[in-house]
Amino acid sequence: MSDTVHVIGASGRSGAALARALLARGGTVVPVVRDPARLAAVLPPQPRLAPPRVAGLADAGALAAARAGAAAVVSTAHARFTAQVLAAAPVGARLVLLGSTRRFTRWPDAHGSGVIAGEAALLGSGRAGVMLHPTMIYGAQGEDNVQRLAALLRRLPVVPLPGGGRALVQPIHQDDVTTAILAALGVAWRAPATLVIAGPEPLPYADFVRAVARAAGLRAPRIVPIPAAILQALAPVTAWLPFLPRIDTAEIRRLQEDKAFDIGPMSVTLGLRPMPLARGLARTFR
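First, a word on what this report is: a plain description of the structure on this page. (Residues numbered from 1 in each chain as written. Predicted model: local features only at pLDDT ≥ 70, side-chain atom pairs only at ≥ 80, totals over all residues. Heavy atoms only, no water.)

## Some words on helix α12 (residues 277-285)
Now for step 1: Along α12, the residues classified as buried are Leu 277, Gly 280, Leu 281 and Thr 284. Taken down its axis, α12 places every buried residue within 95 degrees of arc, on the same side.
Now for step 2: Packing partners of the buried residues in α12 comprise β7 (137-138), α6 (146-155), β10 (172-173), β12 (203-204) and α8 (205-215). (Buried < 20%, exposed > 50% of the residue type's maximum accessible area, 1.4 Å probe, protein only. Helix = DSSP H or I, 4+ residues; strand = E, 2+ residues; numbered from the N terminus. Arc of directions from axis to C-beta. Contact = heavy atoms within 4.5 Å.)

Here it is, written out as structure tokens:
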């Protein structure tokens, strides 16, 4: 693995977590960001953090200039920008891109469709590298999956879920996502590839909710089965209730589908054994 890594999106959650890990290992990070001020807020200046290279992902010229001389490139930006990232990356650079298991949903929205398009761009490029598709990521600084759910549990006496929350989820801790990216940088990819990265095992969403409540020091929530159609009809109301996090209809729709994945390929290729949910949640709320 190169000692110097260009990190696109270094001011974001996964990008900043990766940059911290690389710096802790004694590597050099070249951050590629749109807003240097936002980068400074999450990554203070330090000896092996290069001055930020400013480039918007839609600006091909600036992006290519920001990546000049890069031997290893990680993009934690949205996968819909994959074509631009590939076009700007030097030939022969080692590539790791972050996608999402949203690409497998039965109801692709703009986010999911962008990941599908990004994956297609990588696979059709012939460039050696990988797109990692994480499941729900939790545990990052400022993440809004577990933390938003905990905020909701503090305010609601009951939790209405379509089907009673039987659909499966398999969340992965941010530390494991970072470890997966670092491991992927060390793999000699000979062709474009994709790989799902996920937590150790799937569990019903209702059990996930209960686990979050326990880790946050809250009482066990009462889960009430509600038809999805009713929840979708009520979802717009959350935009007008300041004491509740906003919930959209697409989120409720996705709560009805299983998000369970085989982690065998991840374990074999990256040598990653993801942490159990209870440990990850304890780390999140400590």
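Here the narrative resumes.
## Looking at the packing of aromatic side chains
Now for step 1: Enumeration according to the criterion identifies two aromatic pairs in this entry.
Now for step 2: With 5.6 Å between their ring centres and 50 degrees between their planes, Phe 104 and Phe 261 make a pair best called tilted. Taken together, the positions of Phe 104 in the loop between β5 (94-98) and α5 (110-125) and Phe 261 in the loop between α10 (249-254) and α11 (264-270) put the pair 157 residues apart, joining distant regions of the chain.
Now for step 3: For Phe 104, a relative accessible area of 41% gives the class partly exposed.
Now for step 4: Its guanidinium or amino end placed over the ring of Phe 104, Arg 103 lies 4.8 Å from that ring's centre, counting from NZ or CZ. (Phe/Tyr/Trp six-rings, centres within 6.5 Å; stacked < 30°, edge-to-face > 60°. Lys NZ or Arg CZ within 6 Å of the ring centre and 35° of its normal.)

## Remarks on the sheet that holds strand β3 (residues 53-54)
Now for step 1: Spatially, the seven strands line up as an open sheet ordered β3-β2-β1-β4-β5-β6-β11, and their pairing is parallel. If you trace the sheet from one side to the other, it starts and ends with β3 and β11 (192-197), each paired once.
Now for step 2: The pairing of strand β2 (residues 28-33) with β3 spans two bridges and is classified as parallel. Bridged to Val 33 within β3 is Val 54.
Now for step 3: The sheet strands contacting helix α7 (residues 174-185) are β1 (4-8), β4 (72-75), β5, β6 (129-134) and β11, and the helix crosses β5 at an angle near 155 degrees. (Pairing = 2+ DSSP bridges. Axes fitted to C-alpha atoms, helices over the stretch in contact; angles between N-to-C directions.)

## Regarding the environment of Ala 188
Now for step 1: Residue placement: Ala 188 occurs in the loop between α7 and β11.
Now for step 2: Residue classification places Ala 188 among the partly exposed positions, given a relative accessible area of 46%.
Now for step 3: Along the backbone, Ala 188 and Glu 143 are 45 residues apart, and their C-alpha atoms lie at a distance of 31 Å.

In short, geometric facts, not functional conclusions.
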